[in-house]
Number of protein chains: 2
Amino acid sequence: MVVAFSAPIANYFSFHQMLLKIALAQTNFLVGDIAANIDTMVKAAIHARDDLGAELIVFPELTVTGYPAEDLLFRADFITEANNALYQLADRVDGIALVVGFPERDGDKLYNSAAVLHQGAIIACYRKRALPNYGVFDEQRYFTAGTSPCVFEFNGLFIGLTICEDVWKHGIIEDNQLAGAELLLTLNASPFNSGKIYQREAIICSQVKAAQIPLVYVNQVGGQDELIFDGASFVVDADGEIVFRAEEFKEQISVVEFKGGQPIKTSCTPLYNEISSEYQALVLGIKDYVRKNGFQGALLGLSGGIDSALVLALAVDALGADKVEAVLLPSRYTQDMSNEDAILEAELLGVQYHTIPIEPAVHAFTGMLADIFAGAKKDATEENIQARCRGVVLMALSNKQGKLLLTTGNKSEMSVGYATLYGDMSGGFAPIKDVPKLLVYQLACYRNSLSPVIPERVITRPPSAELAPDQIDADSLPPYDILDPILERYIEKDQSFDQIIAAGFRREDVVRAISLVDRNEYKRRQSPPGIRITSRAFGRDRRYPITSGYKGSKG
Amino acid sequence: MVVAFSAPIANYFSFHQMLLKIALAQTNFLVGDIAANIDTMVKAAIHARDDLGAELIVFPELTVTGYPAEDLLFRADFITEANNALYQLADRVDGIALVVGFPERDGDKLYNSAAVLHQGAIIACYRKRALPNYGVFDEQRYFTAGTSPCVFEFNGLFIGLTICEDVWKHGIIEDNQLAGAELLLTLNASPFNSGKIYQREAIICSQVKAAQIPLVYVNQVGGQDELIFDGASFVVDADGEIVFRAEEFKEQISVVEFKGGQPIKTSCTPLYNEISSEYQALVLGIKDYVRKNGFQGALLGLSGGIDSALVLALAVDALGADKVEAVLLPSRYTQDMSNEDAILEAELLGVQYHTIPIEPAVHAFTGMLADIFAGAKKDATEENIQARCRGVVLMALSNKQGKLLLTTGNKSEMSVGYATLYGDMSGGFAPIKDVPKLLVYQLACYRNSLSPVIPERVITRPPSAELAPDQIDADSLPPYDILDPILERYIEKDQSFDQIIAAGFRREDVVRAISLVDRNEYKRRQSPPGIRITSRAFGRDRRYPITSGYKGSKG
């Protein structure tokens, strides 16, 4: 089906003073919506050709299907549609070459491929060689690895094709050079986490510098369930210097001019600092989950605490105040201060809010259970009933209005199970489930630095679930400035009990934290998806058994 | 660290009239509990040596850690503990050789290995070559593939080591023969699904027959989260005939005698028929989830419908009547017949039950939401409130008593989203979530054929959620004898819309079924784990994006 293209023997035929304009299409695709993705590509290609004068446009990895399409890739009809769409695409645009990613079927094998479409034909096709199967990636579940480089000639220049992981590995860039490549194109779906952009640029630039070959790096942008793709596409010259960088977290079609195969330096959008990139990632994650899943808007329970205050601000920044609704659900344990602060937050952000006291439902359940619970001591059961009454009300509002219910739990809580299943964990999306509590505070302060939306008192008062009289988190958990670093070491870095102790933490804090993490896998398994911003989120990134006799917490 | 063992050049040194007794240790391990697993092996080995006269005992795949240990395998401390434990094990038993599975660390690589321990030393070590990375398996996430066979000499016989997937593939058995093997040992963690035992035996026997080499197949037994391992270990002679088979779904240490390298025919436990093996798998799944996670027992909501009736019977068969508690949660829409049948079920099985009408809570929520819902039409919101009130009560009982709440939803409901998130989907374990509705009926009839525990009326009346007046499932879904085959084709076989239509189903039924499946991925993502009994369960077996524009249901 696909035209094989033999690599040139040498590159001395290329016309080194030739000018070439390459467009970088940093686009946002909807996984599975092949027809819409093709339309997006046609539009981008015509814009690049007519408005930007580009002769070649490069799209991200697996552009046709979106990334990651997961088990949709096992559907024969889906793959047929994707392959047919590629041929249609080749026929729909002329006067510019398109480099697009697609799942290439060959017999009973599937490849993660990049095709070059030009004047109605596929003039080159490359099969990804390095298939990541770690972290959030499962590519060996779906794809067979390619075995050779693919270099094609375009306007007198020999161009090598690579896909994402290929350029993180040693050897593949060099193989392209041996096959005659003077310039590399890389199609990517490289997900964001905090610090990832710096890591990515450092590794790619160092590889490029060592090999002395310029590289065009095009990354997709957008949210897809738990993953955020940050864009930040770039061009590196043969010395490993970045000569162009696109914006982060935004769609952008840009063009870079090459003279004699070397990129001409142009605009480099400066990178966000860490905290602002994390904030932008969260905003984009909410925006795309709501938009791509067709919700009318979002709602959330507003407690007067820091977590829901941050989620409210994020939701408003993502969707606009008119698409967000807040609900106050006070109980007998809710302090007046909490209600006042919640109302102030909604007012500062211009969000509609309701107040629905949960006491009638709590009272009803207490009565229904009175006989069975007679004589039993109060425990977490009674706290959970309150949280679950809130969950029922919020889900009723979500069901009736078609609005997405956002949960407000943070990563520290998800880690130690400091949350009620079917209570405050009820909801379709959990924006800050991968944000540790200390980072919640930092993000709140960052947001306030743009404009004041979270009352100072919410940031300074001790955190509390307000499910029992005078309760504060520190009654049952180590303080967050102790807890969060322990959790990071245990969850993100897989450090052992002994390693964490050796880093200077108290034995009892480490035992408490780790045993809570181990014990609460069952809760996390039923939590809504949320946005991954750390190097290891709960979800596809950390696959733990629920049933486990591992005694890691015993030291 | 591990002693390398060179393969023998030829096999003519072996003493062909020699007798050898090999024990098959079909054991049930707890994932992660290395110390307990080692103890289990020591006990089994001593029993095999002293009581059964065995000279060699073969354990299942990754015996030391249990299977699958998932991301525990990324913990350096866990791997260190597993490797140390292997050496301790070698020192703890003499007079019998042990063949055990363990995660072997070599530098920064990890192998899925089998070691032969004899008289305090590791006399051979094999690294699994075929690493499955499809279906429920993620082995390429963790392990590097081995590259060569491992044949060791024991009592004059040359024995080759293989692990699970190895013997499903062509070539690896032959490689062992080329390396001199006269007999193969296979360590397995081969999960159950309906029909799997027949498939497994057919494939292995055909491979063995083609190669003309006897094989000892040892499979683990037990439940591990969603997976059931069925045991049914066996020995095949060189002609591909099964000369021994252990029981299904039970721990068993058996011994088979080999004369001149050929197994002597002994007892072959007959296989269960399909329906009884499915029933046994469900019973074992509940039993092990409760036991291995340390619950005091189980409870469930009993509606008078077929699903909860079946789950009650399964739970009692798994745990005993005294460990199971039933709760009736009638609403204004619950028919008297349903309450009568539910009580009869509890009484027939000798299970304690309570009745807690949910009306007070429903009334409270209705009042709390009256202002906001004023003027809005009744819809699924009101039905969900009822289901969620039941969820709150059941979870309160579970929390207070430390009993596992079992959900009662079946696979047909999970597929089309005919269930309420945080309502009837509340619970820690979902025993029949992979059992299609038609199979629920068959399993109920099967259970009644052993002893009458489910009233006939429960089986014959039309199924209803009883969340609205005179509601029956068929009001909103195609009848189950239409729906279930469509779902099987779409979910388990990845058939396309056109293929299902071509098989004779009505277009509108197919559109309805498939679009409901696609739309309800978000619900399934938050459902409790349950027991996999089909060839493709929801869970690790079917990884779909929630955010998806795939139009597979549009034809």
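Structure: above.
Right, let's walk through the structure included here. Predicted model, so just to flag it, every value in this text is computed and none were measured.

1. So, the overall build of chain A
And step 1. Helices and strands together make up the secondary structure of chain A, namely 17 helices and 19 strands.
And step 2. For chain A, the C-alpha radius of gyration of 26 Å lies close to 24 Å, the compact-globule estimate for 555 residues.
And step 3. If you line up chain A on its principal axes, its C-alpha atoms span 90 × 50 × 45 Å.
And step 4. For chain A, buried positions account for 64% of its 555 residues.
And step 5. In chain A, once contacts between residues fewer than 6 apart in sequence are set aside, the share between residues at least 24 apart is 73%.
And step 6. Summing over all exposed atoms, chain A offers an accessible surface of approximately 19,300 Å²; the carbon and sulfur share of this is 52%.

2. Side note on empty space enclosed by the protein
The gaps left among the atoms become clear once a water-sized probe is rolled over them.
And step 1. Going through the model one piece at a time under the given rule, you end up with 14 cavities of 30 Å³ or more.
And step 2. Approximately 1,000 Å³ is the volume found for the largest cavity.
And step 3. Breaking the lining of the largest cavity down by element, the ones donating at least two residues are helix H17 (521-525) of chain A together with helix H17 (521-525) of chain B.
And step 4. In this model, the second largest cavity occupies a volume close to 100 Å³.
And step 5. Lining the second largest cavity are 14 residues, and of these B:Tyr67, B:Pro68, B:Asp138, B:Glu139 and B:Tyr142 lie nearest its centre.
And step 6. Of the residues assigned to the lining of the second largest cavity, the class counts are 10 nonpolar, no polar and 4 charged.

3. Some thoughts on the sheet that holds strand E17 (residues 324-328) of chain B
Residue and element names in this part refer to chain B.
And step 1. Strand order in the open sheet formed by 4 strands is E18-E17-E16-E19, with parallel pairing between adjacent strands. In this open sheet, the two strands that pair with only one neighbour each are strand E18 (352-355) and strand E19 (404-405).
And step 2. Two strands pair when backbone bridges link them, and E17 and E18 are joined in this way by 4 bridges, in the parallel orientation. Bridging from a neighbouring strand, Ala326 pairs with Tyr353 of E18.

4. Some details on the interface of chain B and chain A
Many authors give the size of an interface as the accessible area that is lost as the parts come together.
And step 1. Each partner contributes residues to the interface: chain B has 81 residues there, and chain A has 82 residues.
And step 2. Across the chain B/chain A interface, buried area totals approximately 6,900 Å², and carbon plus sulfur atoms make up 56% of it.
And step 3. For chain B, the biggest contributors to the area lost against chain A are B:Arg75, B:Lys400 and B:Thr547; these three give 11% of the whole.
And step 4. Across the pair A:Asp138 and B:Arg543 runs a salt bridge, and its minimum N-O distance is 3.6 Å.
And step 5. Applying the counting rule to chain B against chain A returns 48 residue pairs in polar contact (both at pLDDT 80 or more).
And step 6. Of all the secondary structure elements, the ones that give two or more residues to the side of chain B that touches chain A are helix H2 (76-92), helix H3 (139-142), helix H6 (274-292), helix H9 (359-373) and helix H10 (380-401) of chain B.
And step 7. Taken together, the residues that form the side of chain B that touches chain A break down as 38 nonpolar, 20 polar and 23 charged.

Reading the values: the criteria
- Residues numbered from 1 in each chain as written.
- Chains lettered and ligands numbered in written order.
- Predicted model: local features only at pLDDT ≥ 70, side-chain atom pairs only at ≥ 80, totals over all residues.
- Heavy atoms only, no water.
- Helix = DSSP H or I, 4+ residues; strand = E, 2+ residues; numbered from the N terminus.
- Rg over C-alpha atoms; globule rule 2.2 N^0.38 Å.
- Buried < 20%, exposed > 50% of the residue type's maximum accessible area, 1.4 Å probe, protein only.
- Contact = heavy atoms within 4.5 Å.
- Areas by Shrake-Rupley, 256 points an atom, 1.4 Å probe, with all protein chains shown as cover.
- 1 Å grid on protein atoms, 1.4 Å probe; cavity = no way out; pocket = protein on both sides within 12 Å on 5 of 7 lines; lining within 4 Å.
- Points joined across faces, edges and corners; volume = space filled by probe spheres on them.
- Nonpolar A, V, L, I, M, F, W, Y, C, P; charged D, E, K, R; others polar.
- Pairing = 2+ DSSP bridges.
- Buried area = accessible area lost by both parts, 1.4 Å probe.
- Salt bridge = Lys/Arg side-chain N within 4 Å of Asp/Glu carboxyl O.
- Polar contact = N/O pair within 3.5 Å; in protein donor to acceptor, adjacent residues only side chain to side chain.

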